[in-house]
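Below, each chain spelled out in residue letters.
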Amino acid sequence: MTKKKTCCDCGKALKKDETALSKKLIDIDTEEFYCLHCMAEYFGCSENDLKIKIREFKEQGCTLFL
(Lines give C-alpha, C1' and ligand atoms only; values in the text may rest on other atoms or scores of the structure.)
Protein backbone atom coordinates (compact mmCIF):
# COMPACT_ATOMS: atom_id res chain seq x y z
CA MET A 1 0.00 0.00 0.00
CA THR A 2 1.43 3.36 -1.01
CA LYS A 3 1.47 6.29 1.37
CA LYS A 4 -0.89 9.12 0.44
CA LYS A 5 1.13 12.13 -0.70
CA THR A 6 0.52 15.56 0.78
CA CYS A 7 1.35 19.09 -0.33
CA CYS A 8 4.78 20.06 0.98
CA ASP A 9 3.54 23.63 1.51
CA CYS A 10 0.07 23.37 3.09
CA GLY A 11 -0.20 19.65 3.97
CA LYS A 12 -3.37 19.00 1.94
CA ALA A 13 -3.87 15.43 0.67
CA LEU A 14 -3.09 15.36 -3.05
CA LYS A 15 -5.00 13.97 -5.98
CA LYS A 16 -3.23 11.81 -8.55
CA ASP A 17 -3.15 14.62 -11.14
CA GLU A 18 -1.51 17.01 -8.65
CA THR A 19 1.23 14.48 -7.94
CA ALA A 20 1.74 13.87 -11.67
CA LEU A 21 1.87 17.60 -12.42
CA SER A 22 4.50 18.14 -9.73
CA LYS A 23 6.62 15.42 -11.35
CA LYS A 24 6.07 16.84 -14.84
CA LEU A 25 6.76 20.50 -14.04
CA ILE A 26 9.30 20.27 -11.21
CA ASP A 27 11.26 17.02 -11.58
CA ILE A 28 10.37 13.41 -12.28
CA ASP A 29 12.28 12.40 -9.14
CA THR A 30 10.89 15.14 -6.88
CA GLU A 31 9.92 14.33 -3.32
CA GLU A 32 8.17 17.68 -2.92
CA PHE A 33 4.63 17.70 -4.25
CA TYR A 34 2.20 20.63 -4.40
CA CYS A 35 -1.57 20.97 -4.49
CA LEU A 36 -2.93 23.07 -7.37
CA HIS A 37 -3.34 26.15 -5.18
CA CYS A 38 0.24 26.10 -3.85
CA MET A 39 1.68 25.13 -7.25
CA ALA A 40 -0.10 28.09 -8.85
CA GLU A 41 1.51 30.38 -6.28
CA TYR A 42 4.90 28.70 -6.83
CA PHE A 43 4.76 29.26 -10.61
CA GLY A 44 2.91 32.60 -10.49
CA CYS A 45 -0.08 31.44 -12.52
CA SER A 46 -3.73 30.55 -11.90
CA GLU A 47 -5.11 27.17 -10.85
CA ASN A 48 -7.10 27.19 -14.08
CA ASP A 49 -3.85 27.50 -16.07
CA LEU A 50 -2.59 24.35 -14.34
CA LYS A 51 -5.86 22.50 -15.02
CA ILE A 52 -5.45 23.36 -18.71
CA LYS A 53 -1.88 21.98 -18.65
CA ILE A 54 -3.11 18.76 -17.01
CA ARG A 55 -5.70 18.35 -19.78
CA GLU A 56 -3.05 19.05 -22.46
CA PHE A 57 -0.61 16.52 -20.97
CA LYS A 58 -3.37 13.89 -20.84
CA GLU A 59 -4.31 14.58 -24.47
CA GLN A 60 -0.63 14.22 -25.44
CA GLY A 61 -0.60 10.80 -23.78
CA CYS A 62 1.83 11.61 -20.97
CA THR A 63 2.13 8.42 -18.94
CA LEU A 64 2.41 10.31 -15.64
CA PHE A 65 -1.30 11.11 -15.94
CA LEU A 66 -2.59 7.57 -16.54
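Residues numbered from 1 in each chain as written. Predicted model: local features only at pLDDT ≥ 70, side-chain atom pairs only at ≥ 80, totals over all residues. Heavy atoms only, no water.

Caption draft 1: Seen up close, the packing of helix α1 (residues 16-25) against helix α2 (residues 36-43). The contact between α1 and α2 brings their axes to 10 Å, and the two run at 20°. The pairing of α1 with α2 is recorded here as roughly parallel in orientation. Judged by the twist between their axes, the crossing of α1 over α2 is left-handed. Note on element contacts: α2 touches α1 through Leu36, Met39 and Phe43, opposite Glu18, Leu21, Ser22 and Leu25. Its residues assigned to classes, the contact of α1 with α2 shows five nonpolar, one polar and one charged. (Axes fitted to C-alpha atoms, helices over the stretch in contact; angles between N-to-C directions. Helix = DSSP H or I, 4+ residues; strand = E, 2+ residues; numbered from the N terminus. Parallel < 35°, antiparallel > 145°, perpendicular 65-115°, else oblique. Left-handed = near helix turned anticlockwise from the far one by under 90°. Contact = heavy atoms within 4.5 Å. Nonpolar A, V, L, I, M, F, W, Y, C, P; charged D, E, K, R; others polar.)

Caption draft 2: Examining the nonpolar core more closely. Counting 16 residues, the largest nonpolar core has Cys7, Leu21, Leu50 and Phe65 as the members making the most contacts within it. Top contributing element to this core by residue count: α2, with four residues. Look past the residues within four positions of leucine 21 in its chain and what remains in contact with it is Ile26, Leu36, Met39, Leu50, Ile54, Phe57 and Phe65. (Core = buried A, V, L, I, M, F, W, Y, C linked by side-chain atoms within 4.5 Å. Buried < 20%, exposed > 50% of the residue type's maximum accessible area, 1.4 Å probe, protein only.)

Caption draft 3: Expanded view of α2. All of the buried residues along α2 are Leu36, Cys38, Met39 and Ala40. As for α2, its buried residues are in contact with α1 and α3 (47-59). Where α2 ends, the next residue or the one after it, glycine 44, has phi of about 70°, a positive value.

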